[in-house]
Amino acid sequence: MRYSSHVIASLCLGAAAAAHTALPFTAAYTAGLAIGSLLPDIDEPSSYVGRRSFGISGKVKEAFGHRGMTHSLIVWGGLAALVWRDSASPFAAGLVLGYLFHIVEDFFSVQGVPLFWPFSSKRWKVPLYRTGKGMEKALVYMALAGFVYFGVNGLFREWWRSLLFGW
Ligand SMILES: [Zn+2]
């Protein structure tokens, strides 16, 4: 997926999560979602985040390959525990969820993701789309529609209020 697709899809999933739980749909939460949804592609130097990683991404790719360890649920669990222990804030919740949603989104691509790395490098997938192709765009439009749906049903008001009354 393109980075913009990841951001839109993760905002939609994050909005769905906030609409059905007690998660606060605040500016900090959505910022966390957007950043978290970009982080796993740090293992690809040509990705949006890779080009801004000061060379880290080249090293990660060299060591583990693209869509390797950063796309593992095990690695996600470890990172999530670290972040959560450090600060259980709306921003951290968004960050942790955005990262998870990225893995889920790549799970539906033809390349798949190694969900259980380092225990197995098997790539798991339910191949729905090919990166950059029409189906990805269709899914992104659906995500955008879903995001707007959750937004007009109350979340946007909560979001604006969070801007006015602090993060
Ligand atoms: Zn990815």
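All figures in this text were calculated on a predicted structure; none of them were measured in a lab.

The rules we used
Residues numbered from 1 in each chain as written. Predicted model: local features only at pLDDT ≥ 70, side-chain atom pairs only at ≥ 80, totals over all residues. UniProt positions renumbered as here; feature names shortened; annotations may be inferred. Helix = DSSP H or I, 4+ residues; strand = E, 2+ residues; numbered from the N terminus. pLDDT = per-residue confidence, 0-100. Expected span 1.5 Å × (residues − 1). Buried ≥ 20, exposed ≤ 12 C-beta atoms within 10 Å, placed from the backbone. Contact = placed C-beta atoms within 7 Å. Core = buried A, V, L, I, M, F, W, Y, C linked by C-beta atoms within 7 Å. Axes fitted to C-alpha atoms, helices over the stretch in contact; angles between N-to-C directions. Parallel < 35°, antiparallel > 145°, perpendicular 65-115°, else oblique. Nonpolar A, V, L, I, M, F, W, Y, C, P; charged D, E, K, R; others polar.

J.: What's the story with the UniProt feature "signal peptide" (unreviewed entry) in the protein chain in this structure? I'm lost.
T.: UniProt feature "signal peptide" (unreviewed entry): in the numbering of this structure it lies at residues 1-21. Between the C-alpha atoms that bound residues 1-21 the distance is 27 Å, and the span itself is 86% helix and 0% strand.

J.: Looking at this model, I keep getting lost on the confidence of the model for the protein chain. Mind explaining?
T.: Predicted coordinates in regions of low pLDDT should not be interpreted in detail. Considering every residue of the protein chain, the mean pLDDT works out to 93; 99% of them sit at 70 or more. By mean pLDDT, the top-scoring element of the protein chain is helix H5 (residues 90-107) (97), and the lowest-scoring one is helix H3 (residues 56-64) (85).

J.: Looking at this structure, how should I read the UniProt feature "transmembrane region" (unreviewed entry) in the protein chain?
T.: As annotated by UniProt and renumbered to match this structure, "transmembrane region" (unreviewed entry) occupies residues 91-117 and 138-156. Between the end C-alpha atoms of residues 91-117 the distance is 27 Å, and the span holds 63% helix and 0% strand.

J.: Can you help me understand helix H1 (residues 3-20) in this one?
T.: For the α-helix, the turn length of 3.6 residues means that residues three or four positions removed from each other point alike. A rise of 1.5 Å per residue sets the reference length of H1, with its 18 residues, at 26 Å; its end C-alpha atoms lie 26 Å apart and thus fit the reference within 8%. When H1 is considered as a whole, its buried residues turn out to be His6, Val7, Ile8, Ala9, Ser10, Leu11, Cys12, Leu13, Gly14, Ala15 and Ala18. Check the buried side of H1 and you find it contacts helix H2 (27-38), H5 and helix H6 (134-164).

J.: Hey, could you run me through the environment of Ser5 in this one?
T.: By the element assignment, Ser5 lies in helix H1. Given 19 C-beta atoms within a 10 Å radius, Ser5 is considered partly exposed. C-alpha of Ser5 to C-alpha of Tyr141: the two residues are 136 residues apart in sequence and 9.2 Å apart in space. Excluding its chain neighbours within four sequence positions, the residues that come into contact with Ser5 are Glu136 and Val140.

J.: How should I be thinking about the nonpolar core in this particular structure?
T.: In a soluble, globular protein the nonpolar side chains are often hidden away together inside. Counting 30 residues, the largest nonpolar core has Ile8, Ala9, Leu11, Cys12, Ala15, Leu100 and Phe147 as the members making the most contacts within it. Broken down by secondary-structure element, the contributors of at least two residues to this core are H1, H2, H5 and H6. Counting residues per element, this core draws most heavily on H5, at nine residues. Non-local contacts of Ala15, meaning those with residues more than four positions away in its chain, are made with Phe25, Phe147, Phe150, Gly151 and Leu155.

J.: Sorry, what's going on with the packing of helix H4 (residues 73-86) against H5 here?
T.: Between two packed helices, the angle of one axis relative to the other and the distance separating the axes together describe the packing. Two elements in contact, H4 and H5, have axes whose closest approach is 10 Å; the angle formed by their N-to-C orientations is 175 degrees. With respect to H5, the element H4 is oriented roughly antiparallel. On H5, the residues touching Leu73, Trp76, Leu79, Ala80, Val83 and Trp84 of H4 are Ala92, Leu95, Val96, Tyr99, Leu100 and Ile103. Class assignment for the residues of the contact of H4 with H5 results in twelve nonpolar, no polar and no charged.

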